[in-house]
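Chain by chain, the residues run as shown.
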Amino acid sequence: MTGTVSALYIYPVPGEPGRALSPAVVTEAGLEGDRHKGAPVSIVTADGYAASTPRANLVLDLTADELDELIGHRMVVGEAALELVERNARCGLVYAVVAVPGSVRVGDRVGRGEPDA
């Protein structure tokens, strides 16, 4: 299973539209410039984003099933690694914590495992 990053967003001000980024710096607290939320990083598939426009940080070119398979595992995206912890049943976002900080860009590959050293 391999996908790509379709879009990256931060939401620095509650209630205002997200700001697209590329690249984005992922710190242990989440994407640099994003406001603090319940989870450091929120993820959705491109299809899910188009359908419901959730406030996700990462929009991925994966199927919903492929994203669900990563819950409970480590996902490498660009130079960063995220631990996907749960899906919010209400909004459809998948929440993640940052295992390895790093830079992420639109077009970066997404997959299971560890980032390259």
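Residues numbered from 1 in each chain as written. Predicted model: local features only at pLDDT ≥ 70, side-chain atom pairs only at ≥ 80, totals over all residues. Heavy atoms only, no water.

It is worth spelling out the nonpolar core at this point. Counting 23 residues, the largest nonpolar core has Ile 43, Leu 58, Leu 60, Met 75, Val 77, Leu 82 and Leu 84 as its most contacted members. The contact partners of Met 75, leaving out residues within four places of it in the chain, are Ile 43, Leu 58, Leu 60, Leu 70, Ala 80, Ala 81, Leu 82, Leu 84, Val 110 and Gly 111. Within the second largest apolar cluster, 10 residues are counted, among which are Val 44, Val 59, Leu 93 and Tyr 95. (Core = buried A, V, L, I, M, F, W, Y, C linked by side-chain atoms within 4.5 Å. Buried < 20%, exposed > 50% of the residue type's maximum accessible area, 1.4 Å probe, protein only. Contact = heavy atoms within 4.5 Å.)

Another aspect to go through is the environment of Val 76. The topology assignment puts Val 76 in strand S7 (residues 74-77). Taking the C-alpha atoms as reference, Val 76 lies 12 Å from Arg 105; in sequence the two are 29 residues apart. (Helix = DSSP H or I, 4+ residues; strand = E, 2+ residues; numbered from the N terminus.)

Another point: the sheet that holds strand S3 (residues 24-27). Read from one edge to the other, the open sheet built from 3 strands follows the order S4-S3-S10, with strand pairing classed as antiparallel. Looking at which strands have only one partner, the edges of the open sheet turn out to be strand S4 (30-31) and strand S10 (102-104). Inspection of the sheet shows S3 paired to S4 by 2 bridges, in the antiparallel sense. When the sheet's bridge partners are listed, Val 26 is paired in S4 with Leu 31. (Pairing = 2+ DSSP bridges.)

The full count for this structure, using the stated rule, is 1 aromatic pair. Judged by centre distance (6.3 Å) and plane angle (35 degrees), the rings of Tyr 9 and Tyr 11 are tilted. Overall, Tyr 11 belongs to the buried group, its relative accessible area being 3%. (Phe/Tyr/Trp six-rings, centres within 6.5 Å; stacked < 30°, edge-to-face > 60°.)

Along the polypeptide, Pro 101 turns up in the loop between strand S9 (94-100) and S10. Residue Pro 101 is classed as partly exposed on the basis of its relative accessible area of 40%. Between the C-alpha atom of Pro 101 and that of Leu 31, which follows or precedes it by 70 residues, the distance is 9.4 Å.

It is worth spelling out the pattern of salt bridges at this point. Across all of its chains, the model carries 3 salt bridges by this definition. Among the ionic pairs, Lys 37 bridges to Asp 34, the shortest N-O distance being 2.3 Å. Asp 34 gets classed as buried once you look at its relative accessible area, which sits at 15%. One salt bridge in this structure joins Arg 87 and Asp 68, with 2.6 Å as the shortest N-O distance. Pair noted here: Arg 87 is in strand S8 (residues 80-87) and Asp 68 is in helix H2 (residues 64-70), with a separation of 19 residues, a long-range link. Here Arg 87 falls in the partly exposed class, since its relative accessible area comes to 30%. By relative accessible area, which is 34% here, Asp 68 ends up partly exposed. (Salt bridge = Lys/Arg side-chain N within 4 Å of Asp/Glu carboxyl O.)

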